[in-house]
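# An overview of the molecular structure
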Amino acid sequence: MDIINNSEKKILIVDDEKTVRDTISKFLSRMGYITDTAEDGRIAINKLTGNPYDLVITDLKMPNVDGRILLQFMSDNLPTIPKIVLTGYGEDKDIIIALKSGASDFLYKPIGDFAILMHSIQKALSIKEANDERDRYLKELRQINEIISLLNKGKSTEDIFKSLSTNLKKIIPFNKITLCNLDRAKKKVITRLIESDQPIIMHEGYEMPVDDFIFENDDNVGTILLNDLEEHSKKDQTAYITSKPLLEEGMQSLLMMPLKINNVIRGFLGLSSTEKGFFQKRHISFMESIAGQIALSIERGSLLEELGNHTKELEHQVQTRTNEIFKTQRTTLFALSKLAESRDPETGEHLERIRRYSVLTAQIYKYTHNDKNITNLFLRDLYDSSILHDIGKVGIPDTILLKEGPLTNEEQEIIRTHIHIGYDALKKASKSLGENSFLNMAMEIILYHHEHWDGSGYPFKLKGEKIPLSARIVTISDVYDALRSKRPYKKAYTHEKTLEIMKQSSGFFDPVLFKIFLDNSREFDLISTRYQDQ
């Protein structure tokens, strides 16, 4: 998990019990967080409307406006702020409500171990930070596209410069931007255009000496970054002459980008800041491409490829960040599946066995039948999503889920609703997390893994290949593991007894997949033995 800078994070604690608010607030303050409190949902909504927060920890049952209404308000109006539910009276339906509203965790009072709360907070803030980072990259990508459009309109250099100043400042909040020409005859840099929010000493036409190295090594001159102008001014006479007027203007940091046409420097684009150490590596990366486009607009050279390369790099960074977010989301959903599993104390390693049975079956099917539908992406998604097949059981009462002995017809109907509970919860999650192959397969498995090949299953009595392949695979895995595992209403069967029972109901299973299972049943037995419940 990424390390979060606590001192910059503001957390709102919502609870009608003053003791709870004060205890959590004091603890988080000691941990370096900025905290604020509200005694009910109404006060919390008022505070959220006028103040920025990085996280909200809320109770559910409160006077006036309760936590459920607060969660819905945040889901509708402030979806980017993570939420943790902390309650002493939570029911199964409360967990479902919290998950559907986008809550990242559901904890119970009283807090016995604050390390659990800290872990939940760090996880929620990490997800928010990853989302914020992705949004920043997307914002930069939009700005790149706006700048490309701007340069392609063929405006004058002065108009382009002013527009660049406005657009670049949305990404890098500098204090001064300068366009300079390089006069090789005079061996000087001459200021051409300036925009600054500070008093200007270096007006247009201002000349500064340049080191001979620049004139003799065009190819090797890159970004000039001076994040401490005062220290740089002590270097030598040339450094003092170039730094002094900037320091007199109040500038402390300078980023200068060479403008090259055919690898020959024609000028520089400079950004200055009143803050020491202001510029970062990402600023350099961004400006290197923009500088090439400015050179193109000034002399109509052909440097669009440089900006295109930067755009590709930025898209790669966005994709990388998006993959990291999806990884975090997978971790969160795995935690949710563990929550469903924890309702039954006899199924400790059930999820790990299910995913390994399922991937094993799919891999053998891929190579023995040359099925091109089973790609590496399919296998990865199956590994991640198969464990979510029974996530809807969080909505089934313990009196039914853990009942010893056979279920009544009414109880069987209730337990069958877990597929719809799980499907609806994930469908809701996909709207906020964004649709992807992993979520789509997870919803397929949840909804169809109780369908049978012969049409005798539920909920839709689908037959044959109308049942998605992923669900047909998980069906075999789930039945095998259920028979091998101890349950409140049955003992665990041996491997041999399990095969005997499954053969008697072979019409339930895809015949090709079932043959693969039988031919490789010893591997299933090894997995079952290796990942035994503790």
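Above this text is the structure in question.
Keep in mind that what you see is a predicted model, and the values were worked out from it rather than measured.

With that out of the way, let us pick up the overall build of the protein chain. Counting secondary structure elements, the protein chain contains 21 helices and 11 strands. Looking at the protein chain as a whole, 50% of its 534 residues are labelled buried. Across the protein chain, contacts joining residues at least 24 apart in sequence account for 63% of those joining residues at least 6 apart.

In this section: the side chain of Arg355. As for its position among the elements, Arg355 is in helix H12 (residues 350-369). Within the local environment of Arg355, its side chain forms a polar contact with the backbone oxygen of Tyr383, the two atoms lying 3.2 Å apart.

On the surface, a cluster of positive charge is contributed by Lys100, Lys427, Lys428 and Lys431. The dominant element in the positive patch, judged by the number of residues it contributes, is helix H16 (residues 418-433), at 3 residues. When its relative accessible area of 31% is taken as the criterion, Lys427 is described as partly exposed.

Let's shift gears to H12. Between its first and last C-alpha, H12 extends 28 Å over 20 residues, near the 28 Å set by a 1.5 Å rise per residue. Across the 20 residues of H12, 15 count as buried, placing the element largely inside the fold. Taken from the residues just after H12, Asn370 is the one with a positive phi, measuring 50°.

For the rest of this paragraph, the subject is the pairing of strand E6 (residues 176-183). Two faces, one strand: in a regular strand the side chains alternate between the faces of the sheet. Among the 8 residues in E6, 6 count as buried, and that is most of the element. The antiparallel pairing of E6 with strand E7 (residues 188-196) creates a hairpin that spans 4 residues between the two strands, and Lys187 there sits at a positive phi of about 55°. Here E6 runs beside strand E11 (residues 264-273); their pairing, made up of 6 bridges, is antiparallel. In the sheet register, Cys180 faces E11, and the bridge partner there is Phe268.

Attention shifts here to the packing of aromatic side chains. Inspection of every chain in the model, using the stated rule, returns 12 aromatic pairs. Here Tyr480 and Phe524 contribute two aromatic rings whose centre-to-centre distance is 5.6 Å and whose plane-to-plane angle is 85°, an arrangement assigned as edge-to-face. Separated by 44 residues along the polypeptide, Tyr480 in helix H18 (residues 469-484) and Phe524 in helix H21 (residues 521-530) bring together distant segments of the chain. Neither Tyr480 nor Phe524 differs from the other in exposure class; each is buried. Ring centres 4.8 Å apart and planes at 85° place the aromatic pair Phe517 and Phe524 in the edge-to-face group. Judged by its relative accessible area of 0%, Phe517 is buried. By the ring-pair criterion, three or more aromatic residues cluster together here, those being Tyr357, Tyr480, Phe508, Phe509, Phe514, Phe517 and Phe524. Residue placement shows Lys10 over the ring face of Tyr53; its charged tip is 4.9 Å from the ring centre. One Lys or Arg, Arg416, reaches over the ring of Tyr458 and ends 4.2 Å from the middle of that ring.

Let us now look at the nonpolar core. Phe378, Leu382, Met502 and Phe517 are the most contacted members of the largest nonpolar core, which has 27 residues in total. Among the elements of the structure, H12, helix H13 (376-385), helix H17 (437-448), H18, helix H19 (495-504), helix H20 (511-519) and H21 are those that each provide at least two residues to this core. A per-element tally of this core places H18 first, with 6 residues. Discounting chain neighbours no more than four positions away, the residues touching Leu382 are Ser358, Val359, Ala362, Met441, Ile445, Ser470, Ile473 and Val474. Within the second largest apolar cluster, 25 residues are counted, among which are Phe174, Leu193, Ile290 and Ala291.

For the coordinates displayed, the defined rule picks out 27 salt bridges. For the salt bridge of Glu207 with Lys186, the shortest nitrogen-to-oxygen distance reads 3.2 Å. In this pair, Glu207 is assigned in strand E8 (residues 207-209) and Lys186 in the loop between E6 and E7, connecting sequence segments 21 residues apart. Residue Glu207 is classed as partly exposed on the basis of its relative accessible area, which comes to 31%.

Across the interface, H12 lies against H18 with an axial gap of 9 Å and an inter-helix angle of 130°. Put simply, H12 runs oblique to H18. The way H12 lies across H18 gives a crossing that is right-handed. Of H18, the residues touching H12 (which contributes His350, Arg353, Ile354, Tyr357, Ser358, Thr361, Ala362 and Tyr365) are Leu469, Ile473, Val474, Ser477, Asp478, Tyr480 and Asp481. Partitioned by chemical class, the residues of the contact of H12 with H18 number 8 nonpolar, 4 polar and 3 charged.

This paragraph deals with H19. Within H19, the full set of buried residues consists of His495, Thr498, Leu499 and Met502. For H19, the buried positions fall inside an angular range of 100° around the axis, keeping them on one side. Lining the buried residues of H19 we find H18, H20 and H21.

For the rest of this paragraph, the subject is the environment of Lys9. In this fold, Lys9 is placed in the segment before strand E1 (10-14). You can call Lys9 buried: its relative accessible area is 13%. Counting along the chain gives 45 residues from Lys9 to Asp54, while the straight-line C-alpha distance between them is 5.8 Å.

A separate point is the environment of Leu513. Following the sequence through the fold, Leu513 ends up in helix H20. Note: C-alpha distance between Leu513 and Leu469 (44 residues apart in sequence) is 9.6 Å. Not counting chain neighbours up to four residues away, the residues in contact with Leu513 comprise Thr361, Tyr365, Leu469, Arg472, Ile473 and Ile476.

Taken in spatial order, the 5 strands line up as E2-E1-E3-E4-E5 in an open sheet, and their pairing is parallel. Of all strands in the sheet, those with a lone pairing partner are strand E2 (34-38) and strand E5 (105-108), marking the two edges. Adjacent strand axes in the sheet meet at a mean angle of 20°, parallel and antiparallel pairs treated alike.

Glancing now at the sheet that holds E7. The strand order across the open sheet formed by 6 strands is E8-E7-E6-E11-E10-E9, and the pairing between neighbours is antiparallel. Every other strand in the sheet has two partners, leaving E8 and strand E9 (224-226) as the edge strands with one partner each. This sheet shows a mean twist of 25° between the axes of neighbouring strands, independent of strand direction. Pairing of E6 with E7, which is carried by 8 bridges, proceeds in the antiparallel orientation. Bridge pairing in E7 places Lys176 opposite Ser196. Strands E6, E8, strand E10 (253-261) and E11 of the sheet are contacted by helix H9 (residues 237-248), whose axis makes an angle of about 150° with E8.

Reading guide: rules and limits
- Residues numbered from 1 in each chain as written.
- Predicted model: local features only at pLDDT ≥ 70, side-chain atom pairs only at ≥ 80, totals over all residues.
- Heavy atoms only, no water.
- Helix = DSSP H or I, 4+ residues; strand = E, 2+ residues; numbered from the N terminus.
- Buried < 20%, exposed > 50% of the residue type's maximum accessible area, 1.4 Å probe, protein only.
- Contact = heavy atoms within 4.5 Å.
- Polar contact = N/O pair within 3.5 Å; in protein donor to acceptor, adjacent residues only side chain to side chain.
- Patch = residues over 30% accessible without salt bridge, like charges linked within 9 Å, V, L, I, M, F, W, Y side chains within 5 Å.
- Areas by Shrake-Rupley, 256 points an atom, 1.4 Å probe, with all protein chains shown as cover.
- Salt bridge = Lys/Arg side-chain N within 4 Å of Asp/Glu carboxyl O.
- Lys, Arg positive; Asp, Glu negative; His and termini not counted.
- Charge placed at Lys NZ, Arg CZ, Asp CG, Glu CD.
- Expected span 1.5 Å × (residues − 1).
- Pairing = 2+ DSSP bridges.
- Phe/Tyr/Trp six-rings, centres within 6.5 Å; stacked < 30°, edge-to-face > 60°.
- Lys NZ or Arg CZ within 6 Å of the ring centre and 35° of its normal.
- Core = buried A, V, L, I, M, F, W, Y, C linked by side-chain atoms within 4.5 Å.
- Axes fitted to C-alpha atoms, helices over the stretch in contact; angles between N-to-C directions.
- Parallel < 35°, antiparallel > 145°, perpendicular 65-115°, else oblique.
- Left-handed = near helix turned anticlockwise from the far one by under 90°.
- Nonpolar A, V, L, I, M, F, W, Y, C, P; charged D, E, K, R; others polar.
- Arc of directions from axis to C-beta.

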